[in-house]
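Examination of the molecular architecture
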Amino acid sequence: MKVIIKLLTNPTSLIGILLLLAFAVIAISAPWIAPPAENARDPYMIPRDGFSSTPESPSDLHPFGTTEGQYDIFYGVVWGTRTAFRVGVVITIFTAIIGLTVGSISAYYGGWLDEVLMRITEIFQAFPFLLAAITLSSVLQTIYGRGEAGVLMFLAKGLALVTFGSSPFENVDPVQLQILTGMLAIIVFGWMAYARVIRGNILICREEEYAMAARVVGAGDMRILTRHLLPNAIFPVLVIASMNTGAYVLAFAALSFLGLGAQRGYADWGQMINFARNWIPSLADHWHIVTYPGLAVVLFVLAWNLVGDVLRDTLDPRLRGRNGAA
Amino acid sequence: MATYIFRRMLIIPIIIIGVTMLIFAMLSLLTPYERASLYVRDVPKRQGAIEDIIAKYGLDKPIYVQYWHWMVGQKDSDTGEIIGGVLRGDLGFSQIGASSVAEVIGRRMPATAELAVWAAVPMISIGIALGVLSAVHHNKPVDQILRVFSIVGWSMPVFVFGLIALMLFYAKLGWFPPGRLSDWASQIVQSDAFVRYTQMNTVDALLNLRFDIFWDAVKHLVLPVTTLAYLNWAQMLRVTRSSMLDTLRQDYMTTARSKGLTERLVVWRHGLVNALIPVITIGGLVLIALFNGVVITETIFNYPGMGSFLAQAALSLDVISVLGVTLFSSIILVVGNLVVDVLYGLADPRIRLQG
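Just so it is clear, the model here is predicted, and its values are computed rather than measured.

Reading the values: rules and limits
- Residues numbered from 1 in each chain as written.
- Chains lettered and ligands numbered in written order.
- Predicted model: local features only at pLDDT ≥ 70, side-chain atom pairs only at ≥ 80, totals over all residues.
- Helix = DSSP H or I, 4+ residues; strand = E, 2+ residues; numbered from the N terminus.
- Buried ≥ 20, exposed ≤ 12 C-beta atoms within 10 Å, placed from the backbone.
- Contact = placed C-beta atoms within 7 Å.
- Nonpolar A, V, L, I, M, F, W, Y, C, P; charged D, E, K, R; others polar.
- Core = buried A, V, L, I, M, F, W, Y, C linked by C-beta atoms within 7 Å.
- Axes fitted to C-alpha atoms, helices over the stretch in contact; angles between N-to-C directions.
- Parallel < 35°, antiparallel > 145°, perpendicular 65-115°, else oblique.
- Left-handed = near helix turned anticlockwise from the far one by under 90°.
- pLDDT = per-residue confidence, 0-100.
- Expected span 1.5 Å × (residues − 1).
- Bend = angle between axes of the 7 residues up to and from the residue.

**Overview of the overall build of chain A**
Within chain A one finds 15 helices and 0 strands. Across its three principal axes, chain A shows a C-alpha extent of roughly 75 × 50 × 35 Å. The burial tally for chain A puts 48% of its 326 residues in the buried class. For chain A, restricting intrachain contacts to residue pairs at least 6 apart in sequence, the fraction spanning at least 24 positions comes to 68%.

**A closer look at the overall build of chain B**
Within chain B one finds 16 helices and 4 strands. With respect to the principal axes defined by its C-alpha atoms, chain B has extents near 85 × 55 × 40 Å. Counting the 355 residues in chain B, one finds 40% classified as buried. A fraction of 68% describes how many contacts in chain B between residues 6 or more apart in sequence connect residues 24 or more apart.

**Concerning the interface of chain B and chain A**
Counting residues at the interface gives 47 residues for chain B, matched by 45 residues for chain A. Secondary structure elements with two or more residues in the side of chain B that touches chain A: helix H1 (2-27), helix H6 (141-155), helix H7 (158-172), helix H13 (282-300), helix H14 (306-315) and helix H15 (319-347) of chain B. Counting residues per element, the side of chain B that touches chain A draws most heavily on H7 of chain B, which supplies 9 residues. Class assignment of the residues belonging to the side of chain B that touches chain A gives a composition of 36 nonpolar, 8 polar and 3 charged.

**Here's the deal with the environment of Met 253 of chain B**
Residues and elements named next belong to chain B. Position of Met 253 among the secondary structure elements: in helix H11 (residues 251-258). On the basis of neighbour counts, which here come to 17 C-beta atoms within 10 Å, the residue Met 253 falls in the partly exposed class. The contact partners of Met 253, leaving out residues within four places of it in the chain, are Thr 247, Leu 248, Val 266, His 270 and Gly 271.

**Looking at the nonpolar core**
Ranked by internal contacts, the top residues of the largest apolar core, which has 187 residues, are Ile 134 and Ala 254 of chain A together with Leu 310 of chain B. With 17 residues, helix H10 (residues 211-248) of chain B is the largest single contributor of residues to this core. Among all residues touching Ile 134 of chain A, those that are not within four sequence positions of it are Leu 255, Leu 258 and Leu 260 of chain A together with Val 295, Leu 310, Ala 314 and Val 322 of chain B.

**Here's the deal with the packing of H6 of chain B against H10 of chain B**
Residue and element names in this part refer to chain B. For the pair H6 and H10, the least separation of the axes is 8 Å and the interaxial angle reads 130 degrees. With respect to each other, H6 and H10 are oriented oblique. In terms of crossing hand, the pair formed by H6 and H10 is left-handed. On H10, the residues touching Leu 146, Ser 150, Gly 153 and Trp 154 of H6 are Tyr 230, Leu 231, Trp 233, Ala 234, Leu 237 and Arg 238. Of the residues assigned to the contact of H6 with H10, the class counts are 7 nonpolar, 2 polar and 1 charged.

**Quick notes on the confidence of the model for chain A**
Residues and elements named next belong to chain A. Within chain A, residue pLDDT values average 84, and 95% of them lie at 70 or more. Taken element by element, chain A is modelled with least confidence in helix H15 (residues 317-325), mean pLDDT 42, and with most confidence in helix H4 (residues 73-109), mean pLDDT 91. For residues 319-326, every residue scores under 50 in pLDDT, and the model assigns this stretch 6 contacts once sequence neighbours within four places are set aside.

**Some thoughts on the packing of H13 of chain B against H15 of chain B**
Residue and element names in this part refer to chain B. It is at 8 Å that the axes of H13 and H15 come closest, and there the two elements cross at 160 degrees. The pairing of H13 with H15 is recorded here as roughly antiparallel in orientation. Note on packing geometry: the crossing formed by H13 with H15 is right-handed. Taken together, the residues of H15 that come into contact with H13 (itself represented by Gly 283, Gly 284, Leu 287, Ile 288 and Phe 291) are Ser 329, Leu 333, Gly 336, Asn 337 and Val 340. Of the residues belonging to the contact of H13 with H15, the class tally is 5 nonpolar, 5 polar and no charged.

**Points about the confidence of the model for chain B**
Residues and elements named next belong to chain B. Taken as a whole, chain B shows an average pLDDT of 81; of its residues, 94% reach a score of 70 or greater. By mean pLDDT, helix H16 (residues 349-352) is the weakest element of chain B at 68, and H14 is the strongest at 90. In the predicted assembly, ipTM is 0.85 and pTM is 0.87.

**Focus on H4 of chain A**
All names here are of chain A. In a regular helix each residue adds 1.5 Å, so 37 residues correspond to 54 Å; H4 covers 52 Å between its end C-alpha atoms and thus fits that length. In H4, a bend of some 30 degrees at Gly 80 exceeds every other bend along the element. Positioned one or two residues after H4, Gly 110 has a phi angle of 60 degrees, which is positive.

**Points about the environment of Pro 174 of chain A**
Among the secondary structure elements, Pro 174 of chain A is positioned in helix H8 (residues 174-188). Distance in space between the C-alpha atoms of Pro 174 of chain A and Gly 145 of chain A is 8.8 Å, their sequence separation being 29 residues.

**Points about unusual backbone geometry**
The phi angle of most residues is negative, glycine excepted, and most peptide bonds adopt the trans form. Residue and element names in this part refer to chain B. Phi is positive for Asn 139, close to 60 degrees, though the residue is something other than glycine. Mapping Asn 139 onto the fold places it in the loop between helix H5 (101-136) and H6. Positive phi values are uncommon outside glycine, yet Leu 317 reaches one of about 50 degrees. Here Leu 317 shows up in the loop between H14 and H15.

**Focus: the environment of Leu 306 of chain A**
The topology assignment puts Leu 306 of chain A in helix H14 (residues 288-315). We classify Leu 306 of chain A as buried; it has 28 C-beta atoms within 10 Å. A C-alpha to C-alpha distance of 8.4 Å links Leu 306 of chain A and Leu 14 of chain A, two positions 292 residues apart in sequence. Not counting chain neighbours up to four residues away, the residues in contact with Leu 306 of chain A comprise Thr 12, Ser 13, Ile 15 and Gly 16 of chain A together with Ile 151 of chain B.

Here it is in structure tokens:
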């Protein structure tokens with residue numbers, strides 16, 4: 001409760017929260033702000049107004065102008081909000097779950113299991129994150145591209161269920177599949193920070209009296225771990241989660257920008273900025289193709305980071321002590 | 001100290017083997033057929049050709065045999081030569097580079113190294129300076145402004161910053177063009193009269209005493225270097241700031257002040273030197289940031305380095321090239337982190353005097 005009050009009274013985090021609320025409102029009311037065409041098959045595909053390659057400047061019909069291929073930027077920015085929330089939140093949930101599991105097992109059981117799990121974590125961290133994500137998504141796209149993917153298809157369906165709410169009994173829409181490969185790649189290389197932090201915290205909590213007390217009264221491993229240790233060690237995870245949601249959205253936007261995330265014409269900010277690459281010499285005339293989707297990404301990520309920044313100051317007891325002393 | 005370094009050294013091979021395993025695991029997600037067509041320069045166009053390649057390279061053998069072959073190479077059953085083997089530097093054949101992956105890396109590495117070295121200078125120096133500034137003016141307006149500056153930098157995608165920089169300084173003002181050299185300059189650089197000592201344009205131009213080419217190379221570097229640096233100042237600033245805040249509260253700082261030293265001397269001489277010790281650890285993060293940054297930066301600025309090659313290869317699903325570049329970068333990163341750890345051990349008396 002104290003945390004929430006702090007978040008609402010601190011101007012920095014208040015700006016962050018208001019921004020997030022604004023984005024949430026835009027995401028929810030997207031069908032009213034930018035109504036899709038009546039015969040649209042998929043509302044996430046940006047409607048086109050002709051096929052001319054030259055971007056059109058903002059006008060009454062297209063408030064933010066159009067990109068190359070006449071995709072409406074306003075529509076894309078509005079519906080892209082939904083994509084950003086989905087991608088950011090879903091990746092955060094999965095990475096946090098993986099990291100929490102690895103970290104808590106590692107810390108609680110210790111010994112050789114801890115050693116092995118931590119070495120594995122280190123190996124995943126040995127890769128430059130974006131390079132690893134690019135690599136894995138290009139491998140996954142090759143695999144998913146051939147249609148048969150066995151266990152991996154199962155994974156994709158699970159992720160599709162959480163992300164798009166699509167039925168696991170039907171084939172995954174190829175447009176969504178490409179987004180899922182990017183997300184999967186980020187998840188595989190994005191969980192390590194949680195594992196390390198939660199491990200460190202549980203190691204501290206494990207020695208506390210309440211943990212000893214639980215053991216004395218005969219509570220089982222699982223019970224001690226989930227009921228006593230995790231709740232006490234979990235706060236820093238919130239901080240990382242908030243900061244990382246922004247970072248994941250950035251990473252996904254980067255994949256999309258390179259052409260590895262969302263497909264051409266999908267309502268995704270990174271993908272829309274991708275169009276600008278062909279117009280670099282004349283960007284001064286076509287400023288709107290970078291500025292509007294770019295502003296959307298920056299504000300969205302900024303919002304998560306602002307909240308995360310204040311959360312960190314509030315929740316991290318080490319930092320709390322520091323601020324008090326300073 | 002010796003034991004500390006020794007312990008770090010022991011872990012390195014484990015990490016490197018782990019990295020190769022993970023890379024190989026990604027590779028083996030592909031079917032033997034897919035790998036066969038990726039591995040070989042030209043797939044012969046006759047029936048059963050692919051099956052022959054699979055048999056020849058043992059792509060249907062158990063996974064640990066394949067991993068061994070992939071690591072150390074294997075004997076070609078026809079010619080008796082040893083083929084493949086990551087340890088021998090054979091990373092496979094790059095379809096889009098139209099030569100071996102190792103060759104492509106060798107060709108493109110100098111450009112990336114040049115960019116990275118130039119970017120590291122402002123990234124570290126300005127990052128640290130801003131961090132000190134922030135700490136000295138703790139909770140004052142300067143600190144708040146720098147905090148906003150760093151969070152915004154932290155939230156800015158590389159490609160948005162880069163494209164806006166291009167929009168202003170290239171499309172609008174025409175000051176700093178994309179690419180690596182202007183046409184006239186690259187003609188001179190490729191001619192015989194110009195000796196390419198290092199393959200890095202700025203260095204070579206100076207060594208050849210061609211200041212016009214040096215100036216041209218610098219003009220092409222300004223925007224990508226700024227892009228790489230700006231986005232990482234936030235991180236440098238944050239670490240330096242918190243380390244500096246810690247240091248400023250130490251007793252020896254009070255002692256230095258009570259000796260009557262000027263505030264400037266106290267902060268920069270006594271404070272910064274001690275505050276910089278934890279900052280060394282960020283060296284590893286700088287490396288990661290550079291690796292991640294160059295992919296996008298080089299792509300936007302049309303800069304012919306490893307990063308733009310990786311992006312291109314990934315887009316055309318040239319998996320062998322992508323895996324090769326990533327493996328190469330990861331190994332550099334692991335070694336770089338070791339160097340950082342050793343430096344940290346040397347700098348911090350608490351660790352240096354331990355063993």
